[in-house]
Amino acid sequence: MIDVRDLTVRFGGGRSAVTAVAGVSFRVAEGESFALVGESGSGKSTVLRAISGLNPDWTGRVLVGGAEQGRRRTAAFHKAVQMVFQDPYGSLHPRHTVDRILAEPVAIQRLGDAERRIERALEEVGLGGGFRFRYPHQLSGGQRQRIAIARALILEPRVLLLDEPTSALDLSVQAEILNLLRRLRAERGLTLLLVTHNLAIVSLMCERLAVMQAGRIVETMDVADLRRGEAADGYTRHLIEASRGYRRVTSA
Amino acid sequence: MSLTAWLLEEAPRSRLQARLGQGYAGWRLFSRNPLAMAGLAIVAGLVLVAAAAPLLATHSPVAQDLAARLTPPGAAGHWLGTDDLGRDIWSRLVHGARITLAVVALTMVLVAPVGLAVGCVAGYRGGWVDAVLMRVTDVFLAFPRLILALAFVAALGPGIENAVIAIAVTSWPPYARIARAETMTIRNSDFIAAARLQGASAARILWGHVVPLTLSSVIVRVTLDMAGIILIAAGLGFLGLGAQPPSPEWGAMIAGGRKYILDQWWVAAMPGVAICVVSLGFNLLGDGLRDVLDPKQR
Amino acid sequence: MTGAPLLTVEDLRIRFRTERRTVEAVRGVGFTLGRERLGIVGESGSGKSLTGRALLRLTPPAAEVTAQRLAFDGIDLMAADARTLRRLRGRRISMVMQDPKFSLNPVMTVGAQIAEALRVHGGVGRREARERALAMLEAVRIREPARVYGLYPHEVSGGMGQRVMIAMMLAPDPDLLIADEPTSALDVSVQAQVLSILDDLVSSRGMALIFISHDLDLVASFCDRVLVMYGGRVVETCRAADLAQASHPYTRGLLAARPRIEAEPADLPVLRRDPAWLEEGS
């Protein structure tokens, strides 16, 4: 479904150019859930933005659903690929009601029947009609993220790109959102591409993962191996170790 | 259910209720600020006086009565006295309110959309579009406003219409700057990225997402600038380049009264007070609006 | 732990009064602290950060703080005047915040800031301050202290900035360090380094630490004792090692809601909030 070959992203030009992603390749099968894992600056979010078309400064090949993607994306691409962002406070327009936020993609893609679609989208993310005419500032972080998910799913995409979708949320709210994403994926057969630094979330949500460091993929592995703690690469093992909490080293 | 409860409902049931509810919440915030309310009252007063000018005026604003020239306030039925040609100052002030209001409304209508459009397009597109639009803006900003307005009026010829055009031409650049700065911060936010991912066109993003957010700061700035615009209009009138006699423009009235300022102070003071009060009103209103409209403070 | 506790908090309450209603953000929090690592965990809005700030009397101006007792080493913090508080802050009680970017002065080099902290609180001379600042940078495991001394805050990475913050806060050798999510903005590998620095300093200097965090695993593995806060109240206090066997349904719910690496994928149990948890004395 997603096929990325030798993707390289550079920021800036001339001498001060920074290579954020250097020759990354991976494939995600239809219906599969794949994670890009890494620390800040590893280039994982940059890969996601290049695939989504938000960042046009890349070289290499990006194929989505078998179709080669260029700098500009078609309306069909936008209908098939949607994204959920990290910050639920920044991803909703502060002056638009939930109704308008959800009506806009339907209008852009000329899907029609907005009324029924909006009601169903709210229903699906576990928010009733009572939320339809509220503004973002009247919603909690978790509710906002549900609206962001509803906005992405109202176009009935086949691929959902998730950029740290729960890292700004409280633990209990994170559990609700993760459960929601799992359910929606199962119901719709979505292909997920998840960017996160949290290996526990990868274990819950994905089948395979790629570990990124300094713009490169250092290891691609099955989640089953992750659960067993069997990583081939030293950096991956270090990440797994670090995510288990603090280990007191008795210093001399 | 009472109207207030309907307006403040947590979960509105229609677009209209949501929008009115937001408006009402803003109004509650605004109305709690006594200075802002005073500003609103002054501006509303100006509009009312301008609308009802023929009813409020006791005399014709242009009728001369040389026998009653320079009558002090209160005497012989002239509440605020008369000027050097015996014209009733109260009636002239009331009719002058129409001119002031017209100047203010016309510049607002001409200036805000231009500044907003230039700024939003420049900020959103960036690159050479931004460079060209902003250099043009800089050219206008490089001259002091009154001097530039004077040059325009000198070229176009004196008169109130040309004064409005001159003010409009010299007033839009600061709005373009504000709109551009706001747009550049909005441009990189996730909700714009989300709109782009839905396939929204640049026009849709600008009109539907960027402009509503920049609009409020431009409105605030325009309101605060109204005082300055009134003063420039009055200044042009004072210099004889704005409204022409016998038009009862406030600046021209002050100019006419300056010869008598020591002995017959009221001739210049009355329109001066009017300018002061109206400018203050717009400033207070602008401050109050900023508190309500600025999204960063919510 | 020896003798009288270093810090005693009894019935701490923080209220925010607005025109229409009063919100009580912290409601009757009480605990004592010896020379130990105390973790305060809770979700956003639980009042954990406000509690930390109240100990330094650094709550926002709109907040109304009351307490039966708020005593640090025999000094009544509620009654203390501004001067006493100023002398306590920094010298005997320090605070490290989540994001170093907002806590460091952007137009001063990091070394100069540490040296200034020393001169203000320690009353040492210019040269000695510089030397001790360099030693502090070394103590927080910065490899080239002399180079980092001359850098401005925007020139250092997040992890290094946080280490500089810790160096600055520890320079006057305080008795109590309040760390509010000190590692949340950092990557896991950097996080481990910063924590081990804190850990070393606590054990080598006998400093008390209040560690405020939302991360249960981190607190359980790093601290000695844990307070769990919910809705402005402490709902549970236990030894950090026993957190996994916590008894309060809220703590248990939070523990269950964590995804785990080893676990087979299954829906996470969702926390069901019981209004009774908010009631005082429950």
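- Under an unreviewed UniProt entry, the name given to chain C is ABC transporter ATP-binding protein, and the source organism is Azospirillum oleiclasticum.
- Entered under Sequence similarities (unreviewed entry) in the UniProt record, the comment concerning chain C runs "Belongs to the ABC transporter superfamily."
- UniProt lists a comment for chain C under the heading Subcellular location (unreviewed entry), and it reads "Cell inner membrane".

- Chain A goes by Glutathione import ATP-binding protein GsiA in an unreviewed UniProt entry, where it is assigned to Azospirillum oleiclasticum.
- Per its UniProt entry, chain A bears the Subunit (unreviewed entry) comment "The complex is composed of two ATP-binding proteins (GsiA), two transmembrane proteins (GsiC and GsiD) and a solute-binding protein (GsiB)."
- Under the Catalytic activity (unreviewed entry) heading, UniProt states for chain A: "glutathione(out) + ATP + H2O = glutathione(in) + ADP + phosphate + H(+)".

What about the overall build of chain A?
Next, step 1: On a plain count of helices and strands, chain A comes out with nine helices and ten strands.
Next, step 2: With the C-alpha coordinates of chain A rotated into their principal frame, the extents come out at 65 × 45 × 35 Å.
Next, step 3: Going through the 252 residues of chain A one by one, you find that 58% of them count as buried.
Next, step 4: Excluding contacts between residues fewer than 6 apart, the proportion of contacts in chain A whose partners are at least 24 apart in sequence is 67%.
Next, step 5: Total accessible area on chain A is roughly 10,000 Å²; 47% of this is exposed by carbon and sulfur atoms.
Next, step 6: On chain A, the mean spot of the 35 positive side-chain charges and the mean spot of the 28 negative ones are 4 Å from each other.

A look at the overall build of chain C
Next, step 1: Of the regular secondary structure elements, chain C holds ten helices and eleven strands.
Next, step 2: A compact globule built from 282 residues should have a C-alpha radius of gyration of about 19 Å, and chain C, at 20 Å, falls within 12% of that.
Next, step 3: The principal-axis extent of the C-alpha atoms belonging to chain C is close to 60 × 50 × 45 Å.
Next, step 4: Burial analysis of chain C (282 residues in total) assigns 52% to the buried set.
Next, step 5: By sequence separation, contacts in chain C at least 24 residues apart represent 66% of the contacts at least 6 residues apart.
Next, step 6: Summed over its atoms, the accessible surface of chain C is roughly 12,900 Å², and 48% of this surface lies on carbon and sulfur atoms.
Next, step 7: Here chain C contributes 37 positively and 35 negatively charged side chains, and the mean placements of these two sets differ by 5 Å.

Observations concerning the UniProt feature "domain: ABC transporter" (unreviewed entry) in chain C
Next, step 1: In the numbering used here, UniProt assigns the feature "domain: ABC transporter" (unreviewed entry) to residues 7-256 of chain C.
Next, step 2: Along residues 7-256 of chain C one finds 39% helix and 26% strand; the C-alpha atoms at either end are 32 Å apart.

Quick notes on helix α9 (residues 234-242) of chain A
All names here are of chain A.
Next, step 1: Where α9 is concerned, the buried positions are Tyr 235, Thr 236, Leu 239, Ile 240 and Ala 242. Buried residues in α9, looked at end-on, bunch into an arc of 170 degrees, giving them a common side.
Next, step 2: Two or three places before Tyr 235, at the opening of α9, Asp 233 has a side-chain oxygen 2.8 Å from that residue's backbone nitrogen.

Side note on the pairing of strand β1 (residues 2-11) of chain A
Along any regular strand, the residues point their side chains to alternate faces of the sheet.
All names here are of chain A.
Next, step 1: Across six bridges, β1 lies against strand β4 (residues 58-64) in antiparallel orientation. If you follow Val 9 over to β4, its bridge partner there is Trp 58.
Next, step 2: Hairpin connection, β1 to strand β2 (residues 18-28): the antiparallel pair is bridged by six residues, and Gly 12 has positive phi, about 75 degrees.

Some details on the UniProt feature "domain: ABC transporter" (unreviewed entry) in chain A
Next, step 1: If you check UniProt for "domain: ABC transporter" (unreviewed entry), the listed places come out as residues 2-239 of chain A in our numbering.
Next, step 2: Split by type, residues 2-239 of chain A is 37% helix and 26% strand. Its first and last C-alpha atoms lie 26 Å apart.

What to know about a nonpolar patch on the surface
Residues and elements named next belong to chain B.
Next, step 1: On the surface, a nonpolar cluster with roughly 340 Å² of combined accessible area is contributed by Trp 128, Val 132 and Val 136.
Next, step 2: With respect to the secondary-structure elements, Trp 128 resides in helix α6 (residues 127-141).
Next, step 3: Trp 128 sits in the exposed class, given a relative accessible area of 67%.

Notes on the interface of chain A and chain B
Next, step 1: In this complex, chain A contributes 35 residues to the contact, which on the side of chain B involves 28 residues.
Next, step 2: Between chain A and chain B lies a buried interface of about 2,600 Å² when both sides are counted; carbon and sulfur atoms form 54% of it.
Next, step 3: At the boundary of chain A with chain B, the tally comes to two salt bridges.
Next, step 4: Counting every contact that joins chain A to chain B gives twelve residue pairs in polar contact (both at pLDDT 80 or more).
Next, step 5: Looking at the side of chain A that touches chain B, the elements with two or more residues in it are α1 (44-52), β6 (81-84) and α3 (98-108) of chain A.

Here's the deal with the sheet that holds β1(A)
Residues and elements named next belong to chain A.
Next, step 1: Read from one edge of the open sheet, four strands run β2-β1-β4-β5, paired in antiparallel fashion. In the strand order of this sheet, the two ends are held by β2 and β5 (67-68), each with one partner.
Next, step 2: One ladder, built from two bridges, connects β4 with β5; its direction is antiparallel. Paired with Val 64 across the strands is Ala 67, a residue of β5.
Next, step 3: Contacts from α1 reach β1, β2 and β4, with the element oriented near 110 degrees to β1.

Details of the pairing of strand β7 (residues 159-163) of chain A
Residues and elements named next belong to chain A.
Next, step 1: Counting buried positions along β7 yields five of five residues, so the element is predominantly enclosed.
Next, step 2: Burial along β7 is two-sided: Val 159, Leu 161 and Asp 163 facing one way and Leu 160 and Leu 162 facing the other are all buried.
Next, step 3: Here four bridges tie β6 to β7, and the two strands are oriented parallel to one another. Across the sheet, Met 83 pairs through a bridge with Leu 161, a residue of β7.
Next, step 4: Two elements, β7 and strand β8 (residues 191-196), share five bridges in a ladder whose sense is parallel. Across the sheet, residue Leu 162 finds its bridge partner in β8, namely Leu 194.
Next, step 5: One crossover worth recording links β7 to the parallel β8 by way of helix α6 (residues 171-188), and it is right-handed.

A short note on the nonpolar core
Next, step 1: Counting residues in each nonpolar core, the largest one holds 64 residues, and the members touching the most others are Ile89(B), Leu93(B), Trp250(B) and Phe282(B).
Next, step 2: Elements with a minimum of two residues in this core: α3 (34-51), α5 (89-125), α7 (145-156), α8 (160-187), α9 (190-197), α10 (202-238), α11 (250-257) and α12 (266-293) of chain B.
Next, step 3: Here the element with the most residues in this core is α10(B); it accounts for 14 residues.
Next, step 4: Contacts of Leu93(B), omitting those with residues within four sequence positions, involve Leu80(B), Trp250(B), Met253(B), Met270(B), Pro271(B) and Ala274(B).
Next, step 5: Core analysis: the second largest hydrophobic core is formed by 61 residues, Leu170(C), Leu186(C), Leu198(C) and Cys238(C) among them.

Comments concerning the confidence of the model for chain C
Residue and element names in this part refer to chain C.
Next, step 1: Per-residue pLDDT for chain C has a mean of 86; in total, 98% of the residues score no lower than 70.
Next, step 2: Here helix α3 (residues 100-103) stands out as the least confident element of chain C, with mean pLDDT 72; strand β10 (residues 225-230) is the most confident, with 94.
Next, step 3: Interface confidence for the predicted complex, given as ipTM, is 0.90, next to a pTM of 0.86.

About the cut-offs
Residues numbered from 1 in each chain as written. Chains lettered and ligands numbered in written order. Predicted model: local features only at pLDDT ≥ 70, side-chain atom pairs only at ≥ 80, totals over all residues. Heavy atoms only, no water. UniProt positions renumbered as here; feature names shortened; annotations may be inferred. Helix = DSSP H or I, 4+ residues; strand = E, 2+ residues; numbered from the N terminus. Buried < 20%, exposed > 50% of the residue type's maximum accessible area, 1.4 Å probe, protein only. Contact = heavy atoms within 4.5 Å. Areas by Shrake-Rupley, 256 points an atom, 1.4 Å probe, with all protein chains shown as cover. Lys, Arg positive; Asp, Glu negative; His and termini not counted. Charge placed at Lys NZ, Arg CZ, Asp CG, Glu CD. Rg over C-alpha atoms; globule rule 2.2 N^0.38 Å. Arc of directions from axis to C-beta. Polar contact = N/O pair within 3.5 Å; in protein donor to acceptor, adjacent residues only side chain to side chain. Pairing = 2+ DSSP bridges. Patch = residues over 30% accessible without salt bridge, like charges linked within 9 Å, V, L, I, M, F, W, Y side chains within 5 Å. Salt bridge = Lys/Arg side-chain N within 4 Å of Asp/Glu carboxyl O. Buried area = accessible area lost by both parts, 1.4 Å probe. Axes fitted to C-alpha atoms, helices over the stretch in contact; angles between N-to-C directions. Right-handed = clockwise from strand over helix to strand, strands pointing away. Core = buried A, V, L, I, M, F, W, Y, C linked by side-chain atoms within 4.5 Å. pLDDT = per-residue confidence, 0-100.

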